[in-house]
Amino acid sequence: MEITRDTPLTDFPGVGEARARKLEKLGLSKAGDLLTWYPRDYEDRRKVHTIRDAPLEGRVCVAAMAAEHPRLSRVRKGLELVQVKVVDNTGALHLTFFNQSYVERAIRAGEEYIFYGTVEVQGRRRTMVNPIFERAGTQSVTGCIMPVYRLTAGISNHLLASLVRQALPCAEGISETLPQRVRQARSLAAAEFAVKNIHFPQDEQALDLARRRLAFEELFYLAVGLSFLKDRRDQGGGGLAVPPRPKEEFLALLPFAPTGAQSRVMDEVAGDMASGRPMNRLVQGDVGSGKTVVAAYAGWLCAGSGCQGALMAPTEVLAEQHFKSLSTLLAPAEVRVGLLTGSMTAAEKIKTRTALARGEIGFVVGTHALISDGVEFANLALIVADEQHRFGVAQRAALAAKGGEDTPPHVLVMSATPIPRTLALIIYGDLDVSVIDQLPPGRTPISTYVVREDKRQRMYGFVRKQVAEGRQAYIICPAVEENPDAALPGEESPALNLKAVKTYADKLQKEVFPDLRVDILHGKMKPREKEAAMSAFARGETQVLVATTVVEVGVDVPNASLIIIENADRFGLSQLHQLRGRVGRGQHPSHCVLITATHSLEAMERLHTLASTTDGFKISEEDLKARGPGDFFGNRQHGLPQMKLADLTGDMRLLSEAQEAARELLEADPCLAAPENRPVWERVRRLFADTPDIFN
Ligand code: ADP
Ligand code: MG
């Protein structure tokens, strides 16, 4: 069969309808897709051992000859055994295969094979169960460096590797995807070599070369795209100069004194806004560090010079909350604060829109509704994006476009996810960064416990105790409804036994806390219901709130002192840290209980990492290492293309080389108009397809 990049996987031997569907889940439908399905790891199977010298630890390759014809026996219905003795001049090895009757025909007495598996000693015998094997000299799954792929249920690594191997010939003579000059100047391997060796490297050196080349390529295109973005901004007109006002006047509005860090960041913001150039600043501060105050300050400055500011929040719950606190805070300063969310009635929306268009509202708080068409500002001068990682780069740009043509608004981005420096450099390469590295005084640290199912009753007792003391508790579940079929992304098996908000809350109310007020909050509720649930909890009317991660971002109920996270292993570390930040916001000692039934040591280790530190930066670095930057921001919501190979925690050198190469290229040909650079332009455009504003 002649395989081209467009050959559908159903044409491959062994791929039927069912498997094709499963492969589809991984985004693999054509031969070409396999080429860029890079391994996540490798197994060195190059060393081939004799039977006696084979280590008893881990899986190893053993070369041996079949000493007999394999014996097939049916132990009982549904259980078939194939047994065969293999030998070399150092000893014998007894192989057992479960339910692989084909082995009876596949192994022939007198032939040499390489077996890959775990050698065990049983009495005086050496044994191996279900080894992978092939004829000696074949070197397709033994005696080589073997790729380890990301998988899905029903697709084994063995199958995937064999598909990739079959698809590999279509990498032959693939066109070069990096400009010749870039490749030569940095001694990068050719595309064909790289693709072949990323899957089946000849040796470590070839693998290094391949990886370097492909990672460079990803970073290079990312850098070119981001340069476009930055250039567009730089070429924009000057910003509106917002004159400074006496800071004491603002501080007088606050019920507390700002921390040193808050104060410093406020000065930086005021400096930016007065400079006459548009502000592009990222404020990073861990959960509870008090970022809202900085936003309020910027809004107050803005309104003071007769301009408008807009604060964009990722959820309705959060928008409402900001609206309330900012209205109260800024009322004495006679700044009118408005609200605009998707769930408001048409009449309410029109009212806000009209007031915005007339310039009557000084500071508007809203959700994505703020970007929708039909929202006009009289003179928008400031955009604050709260918890920015939930917004794509595109959304930030769309809002910025609502400012006047000549005077782009000041942009303030606030993030509670402490972004490791490397990543910040890429994603926010175009922003100045301020860090609020100090928590307001008087916070009691949150104690975190990792517990298993056997402590469940004790845990419920603890909820009771907290409530008896007048406190409130969150219980977080990973799912809304019970749905045994719903496999979570990247999950190998269906997500069984996940606690689901609705059924679990019912059960808690009926069986565990009949005397307490239990309520629910999840993303599928109508906005009005959400708002009602959230404010009942904020007022202390509800004692136990069973919720999904909708409470993850920013929600502030200081009386809540306990958060329980069910199926805690299902969440990323940064997300757990965010969730934990929902408590410990008042003077009460607070607690976070991570309950899990996982058997994975790795998952337990991650949970214990969280229990051992409250340092958001440390946690996010760990998270980044464990899960990669794609997951880090959840579903590509950052609006940046996914990196397949480039390790954004470690490839710092490569990253700056790629940035340098991008800069050189764009200096020589700013619009990538030269014929030899058109492919680069095309590729960047495809890469940033979700961020179309870059190319307007
Ligand atoms: P985040 O950075 O997570 O958005 P918030 O702005 O919601 O934090 O602030 C968390 C809580 O801390 C709020 O209740 C806020 O009123 C309070 N707060 C903020 N700054 C101070 C401060 N300097 N002193 C005391 N409390 C503060
Ligand atoms: Mg916040």
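Residues numbered from 1 in each chain as written. Chains lettered and ligands numbered in written order. Predicted model: local features only at pLDDT ≥ 70, side-chain atom pairs only at ≥ 80, totals over all residues. Heavy atoms only, no water.

Asks: So what exactly am I meant to see when it comes to the pairing of strand β21 (residues 518-521) here?
Replies: Of the pairings in the sheet, the one linking β21 to strand β22 (residues 544-547) comprises 4 bridges and is parallel in character. Opposite Ile520, over in β22, you have Val546 as the bridge partner. In this view, the connection linking β21 to its parallel neighbour β22 by way of helix α17 (residues 527-538) has right-handed handedness. (Pairing = 2+ DSSP bridges. Helix = DSSP H or I, 4+ residues; strand = E, 2+ residues; numbered from the N terminus. Right-handed = clockwise from strand over helix to strand, strands pointing away.)

Asks: Please clarify how the packing of aromatic side chains should be interpreted in this entry.
Replies: Working definition: an aromatic ring pair is given by the centre-to-centre distance plus the angle between the planes. The tally for this structure, following the rule as stated, stands at 11 aromatic pairs. Here the aromatic rings of Phe220 and Tyr221 are separated by 5.2 Å at their centres, their planes lie at 75 degrees, and the arrangement is edge-to-face. We classify Tyr221 as buried; its relative accessible area is 2%. These aromatic residues form a ring-pair network of at least three members: Phe97, Tyr113, Phe115 and Phe133. Between the NZ or CZ atom of Arg165 and the centre of the ring of Phe200, over which it lies, the distance is 4.0 Å. One Lys or Arg, Arg678, reaches over the ring of Trp681 and ends 4.8 Å from the middle of that ring. (Phe/Tyr/Trp six-rings, centres within 6.5 Å; stacked < 30°, edge-to-face > 60°. Buried < 20%, exposed > 50% of the residue type's maximum accessible area, 1.4 Å probe, protein only. Lys NZ or Arg CZ within 6 Å of the ring centre and 35° of its normal.)

Asks: Which parts of the structure should I look at to understand the site of ligand 1?
Replies: Around ligand 1 there are 16 residues in total, and Gly288, Lys291, Thr292, Arg443 and Asp556 lie nearest to it. Contact distances for ligand 1 include 3.0 Å between an oxygen atom and a backbone N or O atom of Gly290. The contact in question runs from an oxygen atom of ligand 1 to an N or O atom on the side chain of Asp556, over 2.8 Å. When ligand 1 sits alone it has 570 Å² of accessible area, and the protein chains cover 84% of it. Here the shell around ligand 1 is composed, by residue class, of 5 nonpolar, 6 polar and 5 charged. (Near = heavy atom within 4 Å. Polar contact = N/O pair within 3.5 Å; in protein donor to acceptor, adjacent residues only side chain to side chain. Areas by Shrake-Rupley, 256 points an atom, 1.4 Å probe, with all protein chains shown as cover. Nonpolar A, V, L, I, M, F, W, Y, C, P; charged D, E, K, R; others polar.)

Asks: What am I meant to see in the side chain of Ser561 here?
Replies: Position of Ser561 relative to the elements: it lies in strand β23 (residues 560-565). Beyond its immediate sequence surroundings of up to four residues, Ser561 is in contact with Gln466, Arg471, Gln472, Val583, His588, Pro589, Ser590 and His591. (Contact = heavy atoms within 4.5 Å.)

Asks: Is there a simple way to explain unusual backbone geometry in this structure?
Replies: The phi angle of most residues is negative, glycine excepted, and most peptide bonds adopt the trans form. Here Ser187, not a glycine, exhibits a phi torsion of approximately 45 degrees, which is positive. Inspection of the secondary structure puts Ser187 in the loop between α5 (180-185) and α6 (191-199). Exposure remark for Ser187: the relative accessible area of 57% places this residue in the exposed category.

Asks: Just checking my understanding: could you explain the packing of helix α18 (residues 573-580) against helix α19 (residues 601-612) for this structure?
Replies: Relative orientation and spacing of two packed helices are given, respectively, by the angle between their axes and the distance between those axes. It is the contact of α18 with α19, at a shortest axis distance of 10 Å, that shows an interaxial angle of 40 degrees. The angle between α18 and α19 falls in the class oblique. The two elements α18 and α19 meet at a crossing, and its hand is right-handed. On the side of α18, the interface is formed by Leu573, Leu576, His577 and Arg580, while α19 contributes Arg606, Leu607, Thr609, Leu610 and Ala611. Considering only residue class, the contact of α18 with α19 consists of 5 nonpolar, 2 polar and 2 charged. (Axes fitted to C-alpha atoms, helices over the stretch in contact; angles between N-to-C directions. Parallel < 35°, antiparallel > 145°, perpendicular 65-115°, else oblique. Left-handed = near helix turned anticlockwise from the far one by under 90°.)

Asks: How should the environment of Val84 be read in this particular structure?
Replies: Topologically, Val84 is positioned in strand β5 (residues 79-88). Using a relative accessible area of 1% as the deciding quantity, one classes Val84 as buried. Along the sequence, Val84 and Ala67 sit 17 residues apart, while their C-alpha atoms lie 7.7 Å from each other. Here Val84 is in contact with Glu68, Pro70, Arg71, Leu93, His94, Leu95, Phe97 and Ile107, once residues within four sequence places are set aside.

Asks: I tried to follow the pattern of salt bridges on my own but got confused; where do I start?
Replies: Any two side chains of opposite charge can pair, so long as their charged atoms come close to each other. For the structure on display, the rule yields 33 salt bridges. The partner of Lys30 in a salt bridge is Asp6, and the shortest N-O contact between them spans 3.8 Å. On the criterion of sequence distance, the pair formed by Lys30 in the loop between α1 (17-25) and α2 (31-35) and Asp6 in the segment before α1 is long-range, its members being 24 residues apart. Take Lys30: its relative accessible area is 34%, and that puts it in the partly exposed class. Between Glu192 and Lys196 there is a salt bridge, with its nearest N and O atoms 3.3 Å apart. Remark: Lys196 and Glu192 occur in helix α6; sequence separation between them is 4 residues, near one turn of the helix. Judged by relative accessible area, which is 25%, Lys196 ranks as partly exposed. Linked by salt bridges that have partners in common, Glu176, Arg183, Arg213, Glu217 and Arg683 make up one network. (Salt bridge = Lys/Arg side-chain N within 4 Å of Asp/Glu carboxyl O.)

Asks: Please clarify how the sheet that holds strand β17 (residues 410-415) should be interpreted in this entry.
Replies: The strands that make up a sheet are held in pairs by hydrogen bonds between backbone atoms, and each pair lies either parallel or antiparallel. Read across the open sheet, the 7 strands follow the order β14-β15-β13-β16-β17-β12-β18; overall the sheet is parallel. Two strands lie at the open edges of the sheet, namely β14 (337-340) and β18 (432-436), each paired on one side alone. Across this sheet, the average inter-strand angle for adjacent strands is 20 degrees, counted without regard to direction. Packed onto the sheet, helix α10 (residues 291-304) meets β12 (280-285), β13 (308-312), β15 (363-366), β16 (380-386), β17 and β18 and runs at close to 165 degrees relative to β17.

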